[in-house]
Amino acid sequence: MVALARRWIGTPYHHQASCEGVGTDCLGLVRGVWRGLYGGEPCAVPAYSPDWAEADRIEVLWRAAGEYLREIRRPPLPGDVVLFRMRANMIAKHLGIVAGDAGRMTFIHAYARHGVIESPFSAPWQRRAVAVFEFP
């Protein structure tokens, strides 16, 4: 999973996209890794806006991740998918794939204005993490 995710580093950020080297958002990155592992996607992803589900405060991404990935109750390991809440009291709307090792944990994610990058899984990011999943 980590090797597949690292291939996407440098892909520009593009909302709702999932095309390695061309454009992706954080969900598109996870979808692309899924396709790399399994050859296709488990379902069609409906169109979504940058502020989807905020008004209703429904954890859409958390529910969908739980349907297709396995939620786990342990610290994240390389290859796991982490779900982040970017602001307190808001729904969780950001995903990343853990890389690195215990000595230097990192995660790969698609970030607006930066594209796909590998960032330190630092204390501020760890505080935003609300769930950890593994690919089936």
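Up top you'll find the structure we're talking about.
Heads up: these notes are all about the structure in this document. Model, not experiment: these values are computed from the prediction.

So, about unusual backbone geometry. Of note in the backbone geometry, asparagine 89 takes a positive phi value of approximately 65° without being a glycine. Structurally, the position occupied by asparagine 89 is in the loop between strand E4 (81-84) and strand E5 (94-101). Note on asparagine 89: relative accessible area 62%, which makes it exposed.

Along the chain, valine 60 turns up in helix H3 (residues 60-68). Remark: the alpha-carbon pair of valine 60 and lysine 93, spanning 33 residues in sequence, is separated by 8.6 Å.

We now examine helix H2 (residues 26-38). Its 13 residues give H2 an end-to-end C-alpha distance of 19 Å, which sits within 8% of 18 Å, the value for a rise of 1.5 Å per residue. Where H2 is concerned, the buried positions are Cys26, Leu27, Gly28, Leu29, Val30, Arg31, Gly32, Val33 and Trp34. Near the N-terminus of H2, the side chain that reaches the backbone nitrogen of leucine 27, with its oxygen 3.3 Å away, is that of aspartate 25. Of the residues trailing H2, glycine 39 is marked for its positive phi of about 90°.

Basis of the calculations
Residues numbered from 1 in each chain as written. Predicted model: local features only at pLDDT ≥ 70, side-chain atom pairs only at ≥ 80, totals over all residues. Heavy atoms only, no water. Helix = DSSP H or I, 4+ residues; strand = E, 2+ residues; numbered from the N terminus. Buried < 20%, exposed > 50% of the residue type's maximum accessible area, 1.4 Å probe, protein only. Expected span 1.5 Å × (residues − 1). Polar contact = N/O pair within 3.5 Å; in protein donor to acceptor, adjacent residues only side chain to side chain.

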